[in-house]
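Spelled out from the first residue to the last, the chains are:
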Amino acid sequence: MTATPDHYDIIVIGSGPGGASLAYRLAGTGKRILMLERGGYLARSRANWDAKTVFVDAVYQATETWYGGDGRAFHPGLHYFVGGNSKVYGAALFRLREEDFGELRHKDGLSPAWPLGYDAFEPYYTQAEALYHVHGRRGEDPTEPWSSAPYAYPPIEHEPRIQDLNDTLEREGLHPFHLPLGIKLDQNPDGSATTYSPCIRCDAFDGFPCAINAKADAQVICVDPARAAYPNFTLLTNAYVSRLETDAAGRSVSRVHVIRHNELEQYSADIVVVACGALSSALLLLRSANDAHPKGLANASDQVGRNYMRHDMSIVMAVLKEPNHTVFQKTLALSDFYFRADDWDYPLGLIQMCAKSHGEQIRGETLPGYLSWLPEMPFEKMAEHSIDFWLQSEDLPRPENRVRYDGDRVILDIHEGNEEAARRLRAKLEGLLAPMRAWPHLIERRLYLGKDVPIGGTAHQAGTCRFGADPASSVLDLDCKAHELDNLYIADASFFPSIGAVNPTLTIIANALRVADRIKERLGA
């Protein structure tokens, strides 16, 4: 294409972990890169660490209205800021298990094999862990895949009550391990933050924006360093990409249409990378339909928007019989039931700690009336006695689980599945409450990140533009380039054929680095 002020070598749409990591990798080539982010910078303030502001009032969550397949309106758990959803993520950065790349049988169906194996991603996992300051320890997690290098950063040390929990689980014959976390923390030998550590180990990490930029999110790790180091990298904020225009033959993206400050703008690039998140990327392709792509861009297979996955998740709170004075609780995980259990031949999933409950969060819940077993106590006292867990089981890809448009309405169709695995995983945790010295039941925390988890819980969105070798059943090729367009790539979790039961962000980052290398090769950079 002819060089103009509005023409770039690469346009990246979205500044979350996928788009930001890819752009940061490519910025060093000297190629002109334009990043388009529909939101702005998340303002840093004391409110970033206020539980009511973050969880109850949900001030950082997108305010747009979507609809379920049944017509019920909801607000999706999306966050339109530089850094994307990683601004409020919990920074648990796991590798998919090696077996997750193969076919896995569940009671409700098959988790399909990936067209590339774990070995294709392993070098990029190692690079992603170093880039995002992942703290962990090899050899503790009984299901972890092989790795070519140790973690670049030591594990986050447990506080005394979590170390006690670790010891309790070990006495029960289980294998708890240090949760791999992306965090800018330097520790003293006792685990406390050093005087020069960006992170201070506060209680506002998981689900909160970090007011001191100590969470290893995409803005802090990739976007801001790229802006500081590379004059060839340009970020435009508050830039909503309304559609992608193609040439007459429909073989390449010729213009990117943007609405910014209520004005229409257009940009072009030799290569366009979509990284808006699995839901928003699919929606962009669908609303870019034209004569050459009547069902949506790159959608001859009718797979764009389909096979949506987001884990079968639940956030639960146990109430201990003595106070839990832990401040930074998110340091432990348990994968003993990931692939099977002694009474179940199918995968159950992963248990991990999450941030400690705050009184304002509990006050914002509708607590069930059957909690007669629980001693009467104020919300703040209940929070003081709480210990909190995030449970997730694999969500299987189904073509009927999809995001789509109905006129101007966004419809998210979800048909629940694999629910027995999630119930059994919860039962496994509930069976451990007595040795934990907790009251005998778990309390559901349905209010988390300001949303009702079942449909609005889009934090682990994946699978709407799967990659594969066959254009009839996939949207992207093995390099995550659209089968039908020569210059369109996707670099978020859209490409996942399956999601496993670990948090997807590290796989997004690793794949983005892999795709960036393929683009480098193509550009001869």
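Please refer to the structure higher up on the page.
Residues numbered from 1 in each chain as written. Predicted model: local features only at pLDDT ≥ 70, side-chain atom pairs only at ≥ 80, totals over all residues. Heavy atoms only, no water.

Peer 1: Outline the overall build of the chain, supporting the account with residue identities and numerical values.
Peer 2: If you tally the helices and strands in the chain, you get twelve helices and 23 strands. The globule rule puts the C-alpha radius of gyration for 525 residues at 24 Å, and the 22 Å found for the chain is close to it. Across its three principal axes, the chain shows a C-alpha extent of roughly 70 × 50 × 45 Å. Across the 525 residues in the chain, those meeting the buried criterion constitute 62%. Sequence-distant contacts in the chain: of pairs separated by 6 or more residues, those separated by 24 or more amount to 73%. As displayed, the chain has an accessible area near 19200 Å², and 49% of this comes from carbon and sulfur atoms. Between the mean site of the 53 positive side-chain charges and the mean site of the 69 negative ones, the chain shows a separation of 2 Å. (Helix = DSSP H or I, 4+ residues; strand = E, 2+ residues; numbered from the N terminus. Rg over C-alpha atoms; globule rule 2.2 N^0.38 Å. Buried < 20%, exposed > 50% of the residue type's maximum accessible area, 1.4 Å probe, protein only. Contact = heavy atoms within 4.5 Å. Areas by Shrake-Rupley, 256 points an atom, 1.4 Å probe, with all protein chains shown as cover. Lys, Arg positive; Asp, Glu negative; His and termini not counted. Charge placed at Lys NZ, Arg CZ, Asp CG, Glu CD.)

Peer 1: Quick rundown of the pairing of strand β11 (residues 239-246)? Include the residues and the values.
Peer 2: Bridging between β11 and strand β12 (residues 253-260) involves seven bridges; their strand directions are antiparallel. Along β12, the bridge assignment pairs threonine 246 with valine 253. The hairpin turn running from β11 into β12, its antiparallel successor, is six residues long, and glycine 250 in that turn takes a positive phi close to 75°. (Pairing = 2+ DSSP bridges.)

Peer 1: Let's hear about the pattern of salt bridges: which residues, and what values?
Peer 2: What the rule picks out here adds up to 27 salt bridges. As a salt-bridge pair, aspartate 517 and arginine 25 come within 3.2 Å of each other at their nearest N and O atoms. Of this pair, aspartate 517 sits in helix α12 (residues 505-523) while arginine 25 is found in helix α1 (residues 17-27), placing the two residues 492 residues apart along the sequence. Across the pair arginine 161 and glutamate 322 runs a salt bridge, and its minimum N-O distance is 3.4 Å. Here glutamate 322 lies in the loop between β14 (312-319) and β15 (332-334) and arginine 161 lies in helix α4 (residues 160-171), a separation of 161 residues in the sequence. With a relative accessible area of 23%, glutamate 322 lands in the partly exposed category. (Salt bridge = Lys/Arg side-chain N within 4 Å of Asp/Glu carboxyl O.)

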